[in-house]
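# Remarks on the overall topology
Here is how the chains run, residue by residue.
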Amino acid sequence: MSARSAIGSLLALALLSYSGGSRAQTADSLDSVFERDIAIIVASAHACYRFDIYLALNETQQRRGLMFVRDLPQTTGMLFVYGREAIRSMWMKNTFIPLDIAFTREDGSIINIAYSTEPQSLNSIRSTEPARYVLELNAGVADAFDIAPGSRVLWGPIYSAD
């Protein structure tokens, strides 16, 4: 079985197992502002992880991000979707939980990760090269699941880009 077909099988299995009603409750305000989806992170040849994600698809949603959120389930995150690759910069203003921030190429491969970012900081957190997507996860999740530069985020449009 090729790596692509193995990843496709894992993605299909994860999509079939998705149940919106089984997730832990997060801030109601996120649910009213952001669409939800799932993403699979391929951390290595033998490890894939499923995440519930909020989608920040437009400028208003991207400006808000995870600000004011005080609790996020371990396997929940936010994916910022931009129209093209560019150097991306994030900050933690009004963000109360520490995050791991993964900057991702158009093909879903992770460029760099800012680990355990400081809540409420105004420091700029940047991609080291042009990124199309930015994935925010709870701090410590990247280390716990061995997610690192070179890992791959699979989400609908990213997966079908191959």
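A short tour of the structure in this document, coming up.

About the criteria used
- Residues numbered from 1 in each chain as written.
- Predicted model: local features only at pLDDT ≥ 70, side-chain atom pairs only at ≥ 80, totals over all residues.
- Heavy atoms only, no water.
- Helix = DSSP H or I, 4+ residues; strand = E, 2+ residues; numbered from the N terminus.
- Contact = heavy atoms within 4.5 Å.
- Pairing = 2+ DSSP bridges.
- Axes fitted to C-alpha atoms, helices over the stretch in contact; angles between N-to-C directions.
- Phe/Tyr/Trp six-rings, centres within 6.5 Å; stacked < 30°, edge-to-face > 60°.
- Buried < 20%, exposed > 50% of the residue type's maximum accessible area, 1.4 Å probe, protein only.

The subject of this paragraph is the overall build of the protein chain. In terms of helices and strands, the protein chain carries five helices and nine strands. The order of α-helices and β-strands along the protein chain, N terminus first, is α-α-β-β-α-β-β-β-β-β-β-α-β-α. Put simply, 67% of the contacts in the protein chain that link residues at least 6 apart link residues at least 24 apart.

Right, let's talk about the sheet that holds strand 5 (residues 99–104) for a bit. Strand order in the open sheet formed by seven strands is 6-5-8-3-2-1-9, with mixed pairing between adjacent strands. Unpaired on one side and paired on the other, strand 6 (110–114) and strand 9 (152–154) mark the two borders of the sheet. Geometrically, the sheet is characterised by an average inter-axis angle of 30° between neighbouring strands, direction not taken into account. Summarising the sheet, strand 1 (residues 35–44) and strand 9 pair through three bridges and their orientation is antiparallel. Within strand 9, the position partnered with Ile 41 by the bridge is Val 153.

With that settled, consider the packing of aromatic side chains. Under the counting rule described, the total for this entry stands at five aromatic pairs. Taking 6.3 Å as the distance between ring centres and 65° as the angle between the ring planes, the aromatic pair formed by Phe 34 and Tyr 54 counts as edge-to-face. Taken as a pair, Phe 34 in the loop between helix 2 (28–33) and strand 1 and Tyr 54 in strand 2 (residues 47–56) lie far apart in primary sequence, 20 residues in all. For Phe 34, a relative accessible area of 4% puts it in the buried group. What makes Tyr 54 buried here is its relative accessible area of 0%. Centroid distance Tyr 133 to Trp 155: 6.1 Å. Interplanar angle 70°. Geometry classified as edge-to-face.

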